[in-house]
Number of protein chains: 2
Amino acid sequence: MVLVVGSVALDSVQTPFGTVTDALGGSATFFSVAASYFTDVGLVAVVGRDFPSEDIRMLEDRGIDVTGLEIAEGETFRWSGSYDFDLNNRETIETKLNVFEQFRPKLPVGYRNADYVFLANIDPELQLAVLEQVEDPKFVALDTMNFWIEGKREALLKVMERVDAIVLNDGECRELALESNLIKAGRAILGMGPRIAIVKKGEHGAMMFAGDDCFSAPAYPCDSVFDPTGAGDSFAGGFMGHLANSDDVSEPNVRRAVIYGTVMASFCVEEFSVKGMSSLNIDAIKRRFKDLKEVSHFDM
Amino acid sequence: MVLVVGSVALDSVQTPFGTVTDALGGSATFFSVAASYFTDVGLVAVVGRDFPSEDIRMLEDRGIDVTGLEIAEGETFRWSGSYDFDLNNRETIETKLNVFEQFRPKLPVGYRNADYVFLANIDPELQLAVLEQVEDPKFVALDTMNFWIEGKREALLKVMERVDAIVLNDGECRELALESNLIKAGRAILGMGPRIAIVKKGEHGAMMFAGDDCFSAPAYPCDSVFDPTGAGDSFAGGFMGHLANSDDVSEPNVRRAVIYGTVMASFCVEEFSVKGMSSLNIDAIKRRFKDLKEVSHFDM
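Values in this document were obtained by computation on a predicted structure and should not be read as measured data.

1. With respect to the overall build of chain A
When its secondary structure is counted, chain A shows ten helices and 13 strands. Relative to its length of 300 residues, chain A is compact, with a C-alpha radius of gyration of 18 Å against a globular reference of 19 Å. Dimensions along the principal axes, computed over C-alpha positions, put chain A at roughly 60 × 40 × 35 Å. In chain A, buried positions account for 52% of the 300 residues. Counting contacts in chain A only where the partners sit at least 6 residues apart, residues at least 24 apart contribute 65% of the total.

In structure tokens, the structure reads:
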């Protein structure tokens, strides 16, 4: 079982290919749906009274345990943003935290002995509060963003000392390490606590740093990227889902997990919201895993 | 033997790590030095009377045939540029074409039956003029840049119809194909003539498109990038050098050639000018090839 603490939101997104309003989103949502193809998922987040019951049903239909999804007085966290023509630049139009502003994660008793824990991108102080509530997890991974790197660096460094892995994008990696060379930056992150640093590079794939090892994973060659929202969290969901399911955090298996993360991100970006991941099966996932093996293969 | 037609220049470069003035540069130079570790190289270019004789000696010492290096009245092509702190953005300070302005490539008779030909980044009309002079090459590859894509599109499309491969960077690929999705763009390039399209992505590695196949090559994890000037031409030199040496243009071997290109680019960027490639040996090159295998490996 993997436990995720993060946001459940309603997203309004504009891409060159279409527009969607109040679609199911949020870091914990994308993570949960992606991870649900691999293992049991417990989701801890908060939504408002306005949150559509069919969205909760969809999560339940995917077997996601929503015992930890608090329904609070007020409105659900809303985010709206737009992407430019090549989908590489995102502009946030509006962020309304609403009930998320008062979110103080409280783990259901049954989650406290979770072996695999993902701290999605929330205030590092809340991430620390989650760690206080779990007993002796086998593997904890952390996401963050420039907002916290700049505004709550001290708290973030404290969380980092207590996690096994950090997942962040290349810009965040450089900013956190204060180092422009990505290889040096990735290694510097390891000096801050985590034994594994995973750097997501969008259409350029991902890198993993662990000890002196460096792994370069190809992106899935998507010729129909529709909406990149949630790709990073879907990546994390595939990554943690595979680790939890195999219960193996050896380096070769962590590499495999990076590839499963890549696969889930590739499904995510093909449609709005979680639609690209809503009706998959393990065969479709394994097919893309195999495709990535072929895409990156060369003989000595 | 591989024949290259391009520029030999004197570069003045500023990077965050240092400055160099009138250092040996130019597309044909970087290409030749990189390719010289794999096969015989014939270089066709022009320099002025001011060109340092020790630079010619260096090329000769690497076994490069400079019969086709014309020494003309006037000054050598000079380029100066600077890189910003993360080396991703380059600003051209000045370009003085000098003798290069009147360059009309004329192949020495002995080069006309070259099997492997690289048309480095020059005016596509000159590239066509080179193709008129070679007899029945086995494999021709082409480099170009945004300047020609925008200014001489018609001529460029004519060259493309007559080559086996094109090597360009991701921005150029998108611009040439008029398509923002890189996978679609790479495939669209194949519809313009070449059966192989290689897209260089700097620190993010390279991709190769061939038929329905797509190959994603990792970058070499360089933690000491000093000066990116010439990386693309060094890549092309390793790529073509390996193909010419093995005389095998099958798809698996073209993938290997992409990796050798990646290796040569990684040596190039570690020092100014061609210094990073001046005293290598095939063992050092093969070691990095093997490193790249490990960097990109994962088990099913």
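Still to come is the rest of the account.
2. Regarding the nonpolar core
Ranked by internal contacts, the top residues of the largest apolar core, which has 206 residues, are Val4 and Ala141 of chain A together with Val4 and Ala141 of chain B. Apart from residues lying up to four places away in sequence, Ala141 of chain B is in contact with Phe118, Val163, Asp164, Ala165, Ile166, Val167, Ala236 and Met240 of chain B.

3. Focus on the interface of chain B and chain A
Listed per partner, the contact involves 29 residues of chain B and 29 residues of chain A. Put simply, the parts of the chain that give the side of chain B that touches chain A at least two residues each are α7 (182-190), β14 (213-217), α9 (251-268) and α10 (282-296) of chain B. Of all the elements, α9 of chain B adds the most residues to the side of chain B that touches chain A, at four residues. Of the residues assigned to the side of chain B that touches chain A, the class counts are 14 nonpolar, six polar and nine charged.

4. What to know about the relation of the copies chain B and chain A
Of the two same-sequence chains, chain B is brought onto chain A (RMSD 0.0 Å, axial shift 0.0 Å) by a rotation of 180°. Here the symmetry operator amounts to a two-fold rotation axis. For chain B, the smallest separation between a C-alpha atom and the rotation axis is recorded for His204 of chain B, amounting to 3.0 Å. Of the interface residues in chain B, 100% have counterparts in chain A that sit at the interface too, so the contact is made through matching surfaces.

5. Focus on the packing of helix α9 (residues 251-268) of chain A against helix α10 (residues 282-296) of chain A
Two numbers describe a pair of packed helices, the interaxial angle and the distance between the axes. Residues and elements named next belong to chain A. Close contact between α9 and α10 brings their axes to 9 Å; oriented N to C, the two are set at 115°. Taken as axis vectors, α9 and α10 run roughly perpendicular relative to one another. Here the hand of the crossing between α9 and α10 comes out right-handed. Of the residues in α10, those touching α9 at Ile259, Tyr260, Thr262, Val263 and Ser266 are Ile285, Arg288, Phe289 and Leu292. When the residues that make up the contact of α9 with α10 are grouped by side-chain class, the tally is six nonpolar, two polar and one charged.

6. Some details on the packing of helix α3 (residues 124-133) of chain B against helix α5 (residues 153-160) of chain B
All names here are of chain B. Following both chains from N to C, one finds α3 and α5 inclined at 30°, their axes separated by 8 Å at the closest point. On the basis of the axis angle, α3 is roughly parallel to α5. The hand of the α3/α5 crossing is left-handed. Between α3 and α5, the contacting residues are Pro124, Glu125, Gln127 and Leu128 on the first element and Ala155, Leu156, Lys158 and Val159 on the second. Residue composition of the contact of α3 with α5, grouped by class: five nonpolar, one polar and two charged.

7. Comments concerning the environment of Glu203 of chain B
Summarising the element assignment, Glu203 of chain B is placed in the loop between β12 (196-200) and β13 (206-210). Along the sequence, Glu203 of chain B and Asp11 of chain B sit 192 residues apart, while their C-alpha atoms lie 22 Å from each other. Sequence-distant contacts of Glu203 of chain B, that is, excluding residues within four places in its chain, are made with Leu182 of chain A together with Ala219 of chain B.

8. A closer look at the environment of Glu179 of chain A
Inspection of the secondary structure puts Glu179 of chain A in the loop between α6 (170-177) and α7 (182-190). Those residues in contact with Glu179 of chain A that lie beyond four places of it in its chain are Arg174, Lys184, Ala185 and Ala188 of chain A.

9. Topic: unusual backbone geometry
All names here are of chain A. Notably, Leu178 is not glycine yet its phi reads approximately 55°, a positive angle. Among the secondary structure elements, Leu178 is positioned in the loop between α6 and α7. Positive phi is not limited to glycine here, since Ser273 has a value of about 55°. As for its placement among the helices and strands, Ser273 is situated in the loop between α9 and α10.

Conventions we followed
- Residues numbered from 1 in each chain as written.
- Chains lettered and ligands numbered in written order.
- Predicted model: local features only at pLDDT ≥ 70, side-chain atom pairs only at ≥ 80, totals over all residues.
- Helix = DSSP H or I, 4+ residues; strand = E, 2+ residues; numbered from the N terminus.
- Rg over C-alpha atoms; globule rule 2.2 N^0.38 Å.
- Buried ≥ 20, exposed ≤ 12 C-beta atoms within 10 Å, placed from the backbone.
- Contact = placed C-beta atoms within 7 Å.
- Core = buried A, V, L, I, M, F, W, Y, C linked by C-beta atoms within 7 Å.
- Nonpolar A, V, L, I, M, F, W, Y, C, P; charged D, E, K, R; others polar.
- Least-squares fit on C-alpha atoms with pLDDT ≥ 70 in both.
- Axes fitted to C-alpha atoms, helices over the stretch in contact; angles between N-to-C directions.
- Parallel < 35°, antiparallel > 145°, perpendicular 65-115°, else oblique.
- Left-handed = near helix turned anticlockwise from the far one by under 90°.

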